[in-house]
Amino acid sequence: MKEGNKISILMIYGSPRKRGNTDELMNRFEKGLLDNKNMDQNNLLIDKIFIKDLKFSPCIECRHCSIDGECAVKDEMQGIYPKLINHDFIAISSPIFFTSVSGYLKAFIDRCQRFWALKYELKKRIIKKERKGIFISAAGSDSVTIFDCSHKVIRALFDVLYIKYDRDFVYNKIDLKGDILKHPEALDEVFEYARNLIIE
Ligand SMILES: Cc1cc2nc3c(=O)[nH]c(=O)nc-3n(C[C@H](O)[C@H](O)[C@H](O)COP(=O)(O)O)c2cc1C
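Keep in mind that this is a model prediction, so the values were computed, not measured.

### Quick word on the packing of helix 4 (residues 103–110) against helix 6 (residues 148–160)
Helix packing for two helices is described by the angle between their axes and how far apart those axes are. Taken N-terminus to C-terminus, the directions of helix 4 and helix 6 make an angle of 30 degrees; their axes are 11 Å apart at the nearest point. Regarding the angle of helix 4 to helix 6, the classification is roughly parallel. Remark: the crossing between helix 4 and helix 6 carries left-handed chirality. Contact residues: Leu105, Lys106 and Ile109 in helix 4; Val153, Ile154 and Leu157 in helix 6. Its residues assigned to classes, the contact of helix 4 with helix 6 shows 5 nonpolar, no polar and 1 charged.

Shown next as structure tokens:
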């Protein structure tokens, strides 16, 4: 969130497995940010959401948001919405579960229906800024198409949040906890991206 000259980055962790493969990639992303010379480190804010720790309901499809753009379900998602609106950059991660994002992340995304209603039904723009975002993922299989469904889901989310899908970091044949640590090239790729990131 912009506070004076501060640059704020939101990191959304979508895996149920703590310190699993996607968590490790996200943590490398954070390390890269902390080593970024393009940003004034004193003005860098990093905000993290671990979806598995959030207490929230899936979308109940009451369609209240079609009326006024607000979500009628009053739970911890209400505290998340301002973060989704105001942060300058968003990194989101998920393991591949049954060819898509994790159930935790999907439920979280469904609760963003209010942003879809605002943009496409109510035609009201409450997110003024164009931001950039990335998606980080890992899958056990070696199929190159295994990330296709998740790309669509993330693209749909980024669209309603006015986020440009800058790029993704997706890795195959990463299954057991810690597998990603055997792939320093993957961790380095994420680190270097974050280290060189420029946020206007
Ligand atoms: C419930 C479940 C479903 C999964 N479904 C798939 C799948 O459809 N395709 C695949 O390649 N890997 C699948 N996997 C493997 C995970 O994507 C893989 O273990 C990943 O590295 C986990 O990331 P994490 O440690 O960040 O949670 C599945 C794992 C679980 C637990």
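The structure having been displayed, the exposition proceeds.
### Considerations on the layout of surface pockets
Space inside the largest pocket adds up to approximately 210 Å³. Lining of the largest pocket is provided by Cys59, Lys106, Ile109, Asp110, Cys112, Gln113, Trp116, Val153, Ala156, Leu157 and Val160. At the level of elements, helix 4, helix 5 (113–121) and helix 6 are the ones that each hand at least two residues to the lining of the largest pocket. A per-element tally of the lining of the largest pocket places helix 6 first, with 4 residues. Of the residues contributing to the lining of the largest pocket, the split by class is 8 nonpolar, 1 polar and 2 charged.

### What to know about the site of the ligand
Inspection of the region around the ligand gives 17 residues, with Ser15, Thr22, Ile96, Ile174 and Asp175 positioned closest. Taking Thr22, its side chain carries an N or O atom lying 2.6 Å from an oxygen atom of the ligand. The backbone of Ile96 places a nitrogen or oxygen atom 2.6 Å from an oxygen atom of the ligand. Protein coverage of the free-state accessible area of the ligand, which is 650 Å², stands at 76%. Looking at side-chain class alone, the shell around the ligand contains 8 nonpolar, 7 polar and 2 charged residues.

Conventions adopted
- All residue numbers here refer to positions counted from 1 along the written sequence of the relevant chain.
- Reporting in this predicted model follows two pLDDT cut-offs: at least 70 for local features of residues, and 80 or more for side-chain atom pairs to be given and counted; totals over whole chains, interfaces and linings ignore these cut-offs and use all residues.
- Excluded from the side-chain calculation are hydrogens and water; included are all heavy atoms of the structure.
- Comment: axis = line fitted to C-alpha atoms, over the contacting stretch for helices; angle = value between 0 and 180 degrees taken between N-to-C directions.
- Secondary structure elements are taken from DSSP: a helix is a run of H or I of four residues or more, a strand is a run of E of two residues or more, and numbering for both begins at the N terminus.
- Oblique is the label for every angle not falling under 35 degrees (roughly parallel), over 145 degrees (roughly antiparallel), or within 65 to 115 degrees (roughly perpendicular).
- Crossings are classed by handedness, with left-handed meaning an anticlockwise turn of the near helix from the far one by less than a right angle and right-handed meaning a clockwise turn.
- In this description, contact between two residues means that some pair of their heavy atoms is separated by no more than 4.5 Å.
- Note that Gly is not counted as nonpolar here; it falls among the polar residues with everything else outside the nonpolar set of Ala, Val, Leu, Ile, Met, Phe, Trp, Tyr, Cys and Pro and the charged set of Asp, Glu, Lys and Arg.
- The rule is simple: put a 1 Å grid over the protein atoms alone, call a set of points where a 1.4 Å probe fits but cannot get out a cavity, call an open set with protein on both sides within 12 Å along at least five of seven lines a pocket, and count a residue as lining if it has an atom within 4 Å of a point.
- Grid points are joined across faces, edges and corners, and a volume is the space filled by probe spheres set on the points.
- Whether a residue is near a molecule or strand is decided by its heavy atoms; if any one of them lies within 4 Å of it, the residue is near.
- By the criterion applied in these results, polar contacts are pairs of N or O atoms within 3.5 Å in which, for protein atoms, one can donate a hydrogen and the other can accept it, and in which residues neighboring in sequence qualify only through two side-chain atoms.
- We get accessible surface area from the Shrake-Rupley algorithm with a probe of 1.4 Å; when it comes to residues, only the shown protein chains can shield them.

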